[in-house]
Amino acid sequence: MKALVKFALGPDGVEVREVPEPTPAPDQVKIHIMVAGICGTDILSIKDLRATRMPMIMGHEFVGRVAEVGSEVTHVKKGDWVVANTAVGACLECDFCKNGDYNICEKRQYLGVTY
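Residues numbered from 1 in each chain as written. Predicted model: local features only at pLDDT ≥ 70, side-chain atom pairs only at ≥ 80, totals over all residues. Heavy atoms only, no water.

(A) The pattern of salt bridges, seen in detail. On inspection of all chains with the given rule, the structure shows five salt bridges. Here Asp48 ties to Lys6 by a salt bridge, and the two come within 2.8 Å at their closest N and O atoms. Here Lys6 lies in strand E1 (residues 2-6) and Asp48 lies in the loop between helix H1 (40-46) and strand E4 (56-57), a separation of 42 residues in the sequence. For Lys6, a relative accessible area of 1% translates into the label buried. Where Lys30 meets Glu21, a salt bridge forms, and the shortest distance between an N and an O atom there is 3.0 Å. Through salt bridges with shared partners, a single ionic network connects Glu21, Lys30 and Glu68. (Salt bridge = Lys/Arg side-chain N within 4 Å of Asp/Glu carboxyl O. Helix = DSSP H or I, 4+ residues; strand = E, 2+ residues; numbered from the N terminus. Buried < 20%, exposed > 50% of the residue type's maximum accessible area, 1.4 Å probe, protein only.)

And the structure:
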């Protein structure tokens, strides 16, 4: 499949590349992306103004349909429309997390930036 990949520092370190088709883990889903946007976070990564793990597939704001469902997933099914929640990890211990504000946890991880 094709993806916009940040693979090196500088604006020349971003290009559309052929990448392996992902397979979902038991607690994951595979999404057929219908539309993806390039947001401010992506621009900061392209300009090296934000620390970004590389190589990184960019375009973490998207809409698509569930294409495959891992064996442990029960809240969505194949064919469901979904939208990105870019926060994929948090510490679960800070005051923000304890109050349910995972999106502002200082240790959060994001699709297209750290994950």
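From this point, the discussion proceeds with the structure in view.
(B) Representation of the sheet that holds strand E3 (residues 29-37) within the structure. Across the sheet, which stays open at both edges, the three strands sit in the order E3-E5-E6 with antiparallel pairing between neighbours. If you trace the sheet from one side to the other, it starts and ends with E3 and strand E6 (81-83), each paired once. When strand polarity is set aside, the average angle formed by the axes of neighbouring strands in this sheet is 35°. Here eight bridges tie E3 to strand E5 (residues 61-69), and the two strands are oriented antiparallel to one another. Within E5, the residue paired with Lys30 across the bridge is Glu68. (Pairing = 2+ DSSP bridges. Axes fitted to C-alpha atoms, helices over the stretch in contact; angles between N-to-C directions.)

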